Every structure is written in C-alpha cells, then in structure tokens.
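Fold and geometry: a report
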Amino acid sequence: MSSSYLYLSTLRDFLRLKRVLTWLAVSLGLVLMGVLIKRVSVDRPVDELYSLLSSTLVFRLLPLVSAIFSTQVLSAEIEQKTIVYLLTRPIPRPQQLLMRSLASMTAVAIISLVAAVFVSASVHGTGALSNPYLYRDVKAILIGAAAYGSLFVFISLLVNRAMIVCILIAFVWETAVAQLPGSMYYLSINSYLTSIAERPSVTQTGPGLQFLSGGLSENLMPTSVAWPAMFILVICMSVGSMAWFTRFEYLPREDAE
C-alpha cells in the first residue's frame, strides 16, 4: 500500500458527505452571523469588518476543526478498537502517522477555507473572491492547519481522551492567552497566524467581539518571526509524533465504551 493511497483514502474518510454537510451548515451559520454583525456595524469600513469577522469566526473555527480531526488520526482508532487493523498495514509507523496527519491537515484547511469564503461573502456579497484580505487569510489558514494539526496529533499520542484537551486549548488557551499583558501572546498560535495574515487593525468595538478577536491586547509580532516559528513548530511536532509513535505500543482501550 503506497503512501499516496493511504493519504487519499484517509482524506476521503475525513471528507465523507455526512461530515462535509455538517461543516457546511456551520459555515452557513457563520454567514448569518456575519450578516447580522454587518447590519449593526454599518459605519465600519468593509475591510475592517471582514478583518473583525475573520479573526472572530474563521480563526476560532480553525482550531476547533483541527482539534476534532487531529484526534481522529490515532486517538479515535484506539477508542474504537481499530488500532490493531491500522498497525497491521505493511507501511512503517512513521509513514502511516505522517500520511494520516497530512490528510487531517488538508481536510481542516479545506473546511476553514470554505468558511473564510463564506464570511467574505457575508461582507462583500458577490465580490467575495475579489477581497484582497481573503487571500492573506489563505496563507494563514494553510500554515494554521499544519501548526494546530501537528500539535494536536502529538497531544493525542500522549494523553487519553485527547479531544477534551485539544478543545480546551483551541477555545480557552488560544482565546485567553492572547489577551494577557506583556509578551504572553507569543504562546498562542493564533497570534502568529494574525501576524502572517497581516490584517488591518480594528477600531474600538464591543467587548465581546474584541475579546474573541484578540483585540484586548496589542499583537506586535513581526511576520519575520511568525513564519519561522510556525515552520519550526510543525517540523518539531511532526518529527516528535513520528518518533513517539514508533517507540511505544498502542492497544485498544477497554474503557472506551
């Protein structure tokens, strides 16, 4: 069984129609939220409004989708007791984990990109694809899918019930740390993605949206720091995951039910 076949078969599994329809419904919900926010922010420039909605909706959805999909790479196989069938495939363990992780990252990127286009449509209407800030977000979404994915896969190798831990990181950690004073935002992946996306600054808004968008603290991180940091994170987490998966045994969980 080749690596490409393993990657494509895993990607097809992640993008099953039932899952796609679920996330499509979520994306449509983001459109409705965007339209409502636009109606109450009629005096705000469209580029600034898109920046606010993107950071509040799309880049909060990204780590959530990644947390769910990344734990399906291995943790779900253990809990569903199908890990035995996975390990009997004639492919080295590091290669298996890498291909499945890449498939998960690809699925996360596709879903997040669709959500970004939908949010852009809620602001720009039929001119959604002509929004220049959408294409800035594309590069941040791609590197974000890889960064969150590699981190969450590594966590799923270390702890049981990894989805709970990953979702806490996606919502609590990523939202709260960026709001802390000083240089604490360096500990949040979202801060690096904000720098990579190079969004326009957002003027004063409601405290709820300002908190979710990370606007309570100033992100002064330059892109020259953000790009290398994300590449190093992805490489270190991916290599660490492959080494860990090769070294330790993984058996079906008897307490999963």
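Scroll up to find the structure this text is about.
It should be emphasised that the depicted structure is a prediction, and the values quoted were computed from it without experimental measurement.

**Quick look at the overall build of the protein**
For the protein, the count of helices and strands is 11 helices and zero strands. Counting from the amino terminus, the protein carries its helices and strands in the arrangement α-α-α-α-α-α-α-α-α-α-α. Of all 257 residues assigned to the protein, the portion counted as buried reaches 48%. Summarising the internal contacts of the protein: among those between residues at least 6 apart in sequence, 84% fall at separations of at least 24. Summing over all exposed atoms, the protein offers an accessible surface of approximately 12300 Å²; the carbon and sulfur share of this is 68%.

**Some details on helix α3 (residues 46-70)**
The end-to-end C-alpha distance of α3 is 34 Å, a good match for the 36 Å that 25 residues give at a rise of 1.5 Å each. In the structure, α3 departs most strongly from a straight axis at Ser-54, where the bend amounts to approximately 35°. Counting buried residues along α3, 22 of its 25 residues qualify, which places the element largely inside the surrounding structure.

**Some details on the pattern of salt bridges**
A full pass over the atoms with the stated rule returns two salt bridges. One salt bridge connects Arg-16 with Asp-13, and the closest N-O pair in it is separated by 2.4 Å. With a relative accessible area of 38%, Arg-16 lands in the partly exposed category. A relative accessible area of 35% places Asp-13 in the partly exposed class.

**Re the side chain of Ser-55**
The topology assignment puts Ser-55 in helix α3. A polar side-chain atom of Ser-55 sits 3.0 Å from the main-chain carbonyl oxygen of Ser-51. A polar contact of 3.1 Å, which involves the side chain of Ser-55, links it to the backbone oxygen of Leu-52.

**Overview of the side chain of Ser-191**
Of note, Ser-191 is situated in helix α9 (residues 189-197). Among the polar contacts listed, one links the side chain of Ser-191 to the backbone oxygen of Tyr-185, at a separation of 2.9 Å.

**Considerations on the packing of helix α7 (residues 132-158) against α9**
Running from amino to carboxyl end, α7 crosses α9 at an angle of 160°, the nearest separation of the two axes being 8 Å. It follows that α7 is roughly antiparallel to α9 by the angle criterion. The element α7 and its partner α9 pack so that their crossing is right-handed. Contacts from Arg-136, Asp-137, Lys-139, Ala-140, Ile-143, Gly-144, Ala-147, Tyr-148 and Leu-151 of α7 reach α9 at Ile-189, Asn-190, Leu-193, Ile-196 and Ala-197.

**Some words on helix α2 (residues 17-39)**
The end-to-end C-alpha distance of α2, which contains 23 residues, comes to 33 Å, matching closely the 33 Å that a straight helix rising 1.5 Å per residue would cover. Every buried residue of α2 is listed here: Trp-23, Ser-27, Leu-30, Gly-34 and Ile-37.

**Some points on empty space enclosed by the protein**
Empty space among the atoms can be located by rolling a probe the size of a water molecule over them. This model, assessed by the stated rule, comprises one cavity of 30 Å³ or more. Size it by volume and the largest cavity reaches roughly 60 Å³. Lining the largest cavity are Leu-97, Leu-98, Ser-101, Met-105, Ser-150, Val-153, Ser-238, Ser-241 and Met-242. Put simply, the parts of the chain that give the lining of the largest cavity at least two residues each are α6 (93-124), α7 and α11 (223-247). The residue inventory of the lining of the largest cavity, partitioned by class, reads five nonpolar, four polar and no charged.

What counts, and where the lines are drawn
- Sequence positions are assigned chain by chain, starting from 1 and proceeding in written order.
- Residue-level local features of this predicted model are given only where pLDDT is at least 70; pairs of side-chain atoms are given and counted only at 80 or more, and the full residue set underlies all totals for whole chains, interfaces and linings.
- Calculation of side-chain values draws on the structure's entire complement of heavy atoms; hydrogens and water are dropped beforehand.
- Runs of H or I in DSSP of at least four residues are treated as helices and runs of E of at least two as strands, each being numbered from the N terminus.
- A 1.4 Å probe rolled over the protein chains alone gives each residue an accessible area, and that area as a share of the maximum for its type sets the label: buried under 20%, exposed over 50%, partly exposed in between.
- Between two residues, a contact is recorded if the distance between any of their heavy atoms is within 4.5 Å.
- Accessibility throughout is a Shrake-Rupley quantity obtained with a 1.4 Å probe, and a residue counts as covered only by protein chains that appear here.
- Helix span is expected to be 1.5 Å times the residue number reduced by one.
- At every residue, the bend is computed as the angle between two fitted axes, covering the seven residues ending there and the seven beginning there respectively.
- Salt bridges are counted wherever a side-chain nitrogen of Lys or Arg sits within 4 Å of a carboxyl oxygen of Asp or Glu.
- In protein, a polar contact requires one atom able to donate a hydrogen and another able to accept it; more generally it is a pair of N or O atoms within 3.5 Å, and residues adjacent in sequence count only if both atoms are side-chain atoms.
- Comment: axis = line fitted to C-alpha atoms, over the contacting stretch for helices; angle = value between 0 and 180 degrees taken between N-to-C directions.
- Any angle that falls under 35 degrees is termed roughly parallel, while one over 145 is termed roughly antiparallel, one within 65 to 115 roughly perpendicular, and all others oblique.
- Two helices crossing with the near one rotated counterclockwise from the far one by less than a right angle form a left-handed crossing, whereas a clockwise rotation gives a right-handed crossing.
- Put simply, the grid is 1 Å and covers the protein atoms alone, a cavity is a trapped set of points that fit a 1.4 Å probe, a pocket is an open set with protein on both sides within 12 Å along at least five of seven lines, and lining residues have an atom within 4 Å of a point.
- Grid points are joined across faces, edges and corners, and a volume is the space filled by probe spheres set on the points.
- Residue polarity follows a fixed list, in which Ala, Val, Leu, Ile, Met, Phe, Trp, Tyr, Cys and Pro are nonpolar, Asp, Glu, Lys and Arg are charged, and the others, Gly among them, are polar.

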